[in-house]
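# Summary of structural features
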Amino acid sequence: MQVKERTKTQKTQSANEITDGMLVTRTIAGDQQSFEVLVQRYNTPLFNFICHLLGDYDLACDVSQQVFLQLYISMPTLRTGEPLKAWLFQVARNRCLDELRRKRSIHFSELEANHDDDDLSPLDIMPDNQPLPDEMAERSDLQQALRSAIDALPPKFRSVVLLRYASQLSFSEIGKTLSMPEATAKTYFQRARPLLRAAMAKHWKSEQAEGTVF
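A quick note: this is a predicted structure, and the numbers were derived from the prediction, not measured. (Residues numbered from 1 in each chain as written. Predicted model: local features only at pLDDT ≥ 70, side-chain atom pairs only at ≥ 80, totals over all residues. Heavy atoms only, no water.)

## Examining the nonpolar core
Note the threshold: To form a nonpolar core, buried Ala, Val, Leu, Ile, Met, Phe, Trp, Tyr and Cys residues must be joined to one another through side-chain atoms within 4.5 Å. We call a residue buried when its accessible area falls under 20% of the maximum for its residue type, exposed when it is over 50%, and partly exposed in between, using a 1.4 Å probe and counting protein chains only. The contact definition used throughout considers only heavy atoms, calling two residues in contact when any of these lie within 4.5 Å.
Counting 46 residues, the largest nonpolar core has L46, F49, I50, V67, L71, L84 and I174 as its most contacted members. Residues in contact with F49, not counting those within four places in the same chain, are F89, A92, R93, S159, L162, L163, A166 and S167.

## Observations regarding the confidence of the model for the protein
It should be kept in mind that the predicted coordinates are not to be read in detail where pLDDT is low. As a reminder of what qualifies: Per-residue confidence from the prediction method is given by pLDDT, with values spanning 0 to 100. Only DSSP runs of H or I covering at least 4 residues are called helices, and only runs of E covering at least 2 are called strands; the numbering of each starts at the N terminus.
When the pLDDT values of the protein are averaged, the result is 75; 68% of them are 70 or greater. By mean pLDDT, helix α1 (residues 2-17) is the weakest element of the protein at 51, and helix α2 (residues 20-28) is the strongest at 94. Ignoring residues within four places in sequence, the model shows residues 5-13, a span with pLDDT below 50, making 0 contacts including any to other chains. For residues 105-139, every residue scores under 50 in pLDDT, and the model assigns this stretch 59 contacts once sequence neighbours within four places are set aside.

## What to know about the packing of helix α7 (residues 155-166) against helix α8 (residues 171-178)
Rule in force here: Axis geometry follows a simple rule: fit a line to the C-alpha atoms, using only the stretch in contact for helices, then measure angles between N-to-C directions, giving values from 0 to 180 degrees. Under this scheme an angle from 65 to 115 degrees is roughly perpendicular, one under 35 degrees roughly parallel, and one over 145 degrees roughly antiparallel; angles in between are oblique. Each crossing gets its hand from how the near helix is turned against the far one by less than a right angle, where anticlockwise is left-handed and clockwise is right-handed. Ten residue types, Ala, Val, Leu, Ile, Met, Phe, Trp, Tyr, Cys and Pro, are classed as nonpolar, four, Asp, Glu, Lys and Arg, as charged, and the remainder, Gly among them, as polar.
Contact geometry of α7 with α8 gives a least axis separation of 10 Å together with a crossing angle of 135°. Relative to α8, the element α7 is oriented oblique. In this structure, α7 meets α8 at a crossing whose hand is right-handed. Residue-level inspection shows S159, V160, L163 and R164 of α7 in contact with α8, the latter providing F171, I174, T177 and L178. Class assignment of the residues belonging to the contact of α7 with α8 gives a composition of 5 nonpolar, 2 polar and 1 charged.

## Thoughts on the environment of Q70
Defined as follows: Here a polar contact means two N or O atoms within 3.5 Å. Within protein one must be a hydrogen donor candidate and the other an acceptor candidate, and residues neighboring in sequence count only if both atoms are side-chain atoms.
Tracing the backbone through its elements, the reader meets Q70 in helix α4 (residues 57-74). Owing to a relative accessible area of 25%, Q70 belongs among the partly exposed residues under this scheme. Residues Q70 and A92, spaced 22 residues apart in sequence, show a C-alpha to C-alpha distance of 9.9 Å. Those residues in contact with Q70 that lie beyond four places of it in its chain are W87, V91 and R95. Of note is the side chain of Q70, whose polar atom sits 3.0 Å from the side chain of R95.

## So, a nonpolar patch on the surface
Test applied: Residues enter patches when their relative accessible area tops 30% and they take part in no salt bridge; the joining distance is 9 Å for like charges and 5 Å for the nonpolar side chains Val, Leu, Ile, Met, Phe, Trp and Tyr. For accessible areas, the Shrake-Rupley method is used with a probe of radius 1.4 Å. Any residue's cover is judged against the shown protein chains and nothing else. Salt bridge criterion: a side-chain nitrogen from Lys or Arg within 4 Å of a carboxyl oxygen from Asp or Glu.
Side chains of L69, Y72 and I73 sit close together on the surface and give an oily, nonpolar patch of about 310 Å² of accessible area. Relative to the elements of secondary structure, I73 occurs in helix α4. Overall, the relative accessible area of 59% leaves I73 in the exposed class.

## What about the packing of aromatic side chains?
Note the cut-off: Centres within 6.5 Å are what make two rings of Phe, Tyr or Trp a pair, Trp counting through its six-membered ring; a difference in plane orientation under 30 degrees is then read as stacked, over 60 as edge-to-face, and the rest as tilted. Only Lys NZ and Arg CZ are tested; either one counts as a charge over a ring when it is within 6 Å of the ring centre and within 35 degrees of the ring normal.
Taken as a whole, this structure holds 5 aromatic pairs when the rule is applied. A centroid spacing of 5.6 Å and a plane angle of 65° characterise the contact between F49 and F89, whose relative ring orientation is edge-to-face. A residue pair is termed long-range when its members are at least 10 positions apart, and F49 in helix α3 (residues 32-54) and F89 in helix α5 (residues 85-104) qualify at 40 residues. Residue F49 shares its accessibility class with F89, and that shared class is buried. R164 extends its terminal NZ or CZ atom over the ring of F171, reaching a point 4.3 Å from the ring centre.

Listed below in structure tokens is the structure:
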């Protein structure tokens, strides 16, 4: 039993040590298991990002499959010396924007890269950036409030926050995904956090007010 567990652990470790470029090369050579490793590597953070952006689980499933299909088709032209994370999230974002335009017929040009800071307000730093625990039943309400707060952010802040919180991308990767300098991604993130804090504080005050009624 211990031998089987040790072997499984070794396989997991060896899979994690293989670079994206190596997996792409092996997939092109006909190794379908290498493509499955790529899908497993990025599926969860990619799906979380897509689902947050679209707010539709079923549609997120479809878009996620489209992204990996595009990855498979594009493999012969990809640069294998770099991780695929930024490329995948850029494709996912573009797919999401296409779906939002098609589904809601709304002009989303403001979601495209915009580096003008004239309309930004001076903001403080959010004290706690850890994800909210969802073990307790009442936390589901907080999760919904957080989602609403993220949705209410200015578009150029929203994409950075989702990539950072939901998908755990580095600021360098966020910059590549959104075609903006890394420093701009950091600035947008820092300016978004107090907005989230203010929105959540308003939610908590509302909860406390309701509690004192009874």
